[in-house]
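# Coordinates in review
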Amino acid sequence: MKPQHSLSMLIELSEHRRDEVAQRLAALNQSHNAAQQQLNMLHEYRQDYAQRLLEAGQNGVAMSNYMNFQRFIGTLDEAIQQQNTILGQLSEKIGKEQALWLEEKKRLHAYETLHARRQAEWQRTQARQEQRLNDEFSAALFQRLHPTN
């Protein structure tokens, strides 16, 4: 009996699931990188506007302009906070997908190991059968060449 076809199907399905998880993980990593870039940009804007506020304060600024700077910096702080939340959520999703990918990888490895063992057993069985047939053939040939009359 040849190695089981069902194991080959399980291996293919497991490879497919692992690859799907890997694709989702890659997409999440891309999203995380983009979110990190946005956060970096927000920090740069905040730093730039804080510097402008400082310079305007040193040169004298109208109270309304000062309040506008403060409000805008406050808006940037809120955006930074929201972006940090998004990054945290993405990091959590990435962690879950990485764990799922490892689980799928382990499952695939287990199926491949089982398949290899069954194939090796099948090959040993075939070799034993072939050896048995060769032994029987050799014994029959020996009997024909050396009759015991």
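Here the structure is shown first, and the text comes after it.
What comes next concerns the included structure. The structure presented is a predicted model; accordingly, all values stated were derived computationally and were not measured.

Broken down by element type, the chain carries two helices and zero strands. For 149 residues, the compact-globule estimate of 2.2 N^0.38 gives 15 Å, and the C-alpha radius of gyration of the chain, at 35 Å, exceeds that figure by more than 25%. For the C-alpha atoms alone, the extent of the chain along its principal axes is close to 130 × 20 × 15 Å. Buried residues in the chain amount to 17% of all 149 residues. Of all intrachain contacts in the chain linking residues separated by at least 6 positions in sequence, the fraction that spans at least 24 positions is 87%. Counting 18 positive and 18 negative side-chain charges, the chain places the centres of these two groups 6 Å from one another.

This part is about the pattern of salt bridges. This structure, assessed with the given rule, holds ten salt bridges. We note a salt bridge from Glu 121 to Arg 128, for which the minimum N-O separation is 3.4 Å. Members of the salt-bridge network, linked through shared partners, are Arg 17, Glu 103, Glu 104 and Arg 107.

This next bit is on helix α1 (residues 5-59). The first and last C-alpha atoms of α1 sit 81 Å apart over 55 residues, in line with the 81 Å expected at 1.5 Å per residue. Among the residues of α1, Leu 7, Ile 11, Ser 14, Val 21, Leu 25, Leu 28, His 32, Ala 35, Leu 39, Leu 42, Leu 53 and Ala 56 are the ones counted as buried. Turning to α1, the residues buried within the fold contact α2 (63-145).

Interhelical geometry of α1 versus α2 gives an angle of 160° and a closest axis separation of 7 Å. Accordingly, the angle class assigned to the pair α1 and α2 is roughly antiparallel. Considering how the two elements wind past one another, α1 and α2 form a crossing that is left-handed.

Rules used throughout
Residues numbered from 1 in each chain as written. Predicted model: local features only at pLDDT ≥ 70, side-chain atom pairs only at ≥ 80, totals over all residues. Heavy atoms only, no water. Helix = DSSP H or I, 4+ residues; strand = E, 2+ residues; numbered from the N terminus. Rg over C-alpha atoms; globule rule 2.2 N^0.38 Å. Buried < 20%, exposed > 50% of the residue type's maximum accessible area, 1.4 Å probe, protein only. Contact = heavy atoms within 4.5 Å. Lys, Arg positive; Asp, Glu negative; His and termini not counted. Charge placed at Lys NZ, Arg CZ, Asp CG, Glu CD. Salt bridge = Lys/Arg side-chain N within 4 Å of Asp/Glu carboxyl O. Expected span 1.5 Å × (residues − 1). Axes fitted to C-alpha atoms, helices over the stretch in contact; angles between N-to-C directions. Parallel < 35°, antiparallel > 145°, perpendicular 65-115°, else oblique. Left-handed = near helix turned anticlockwise from the far one by under 90°.

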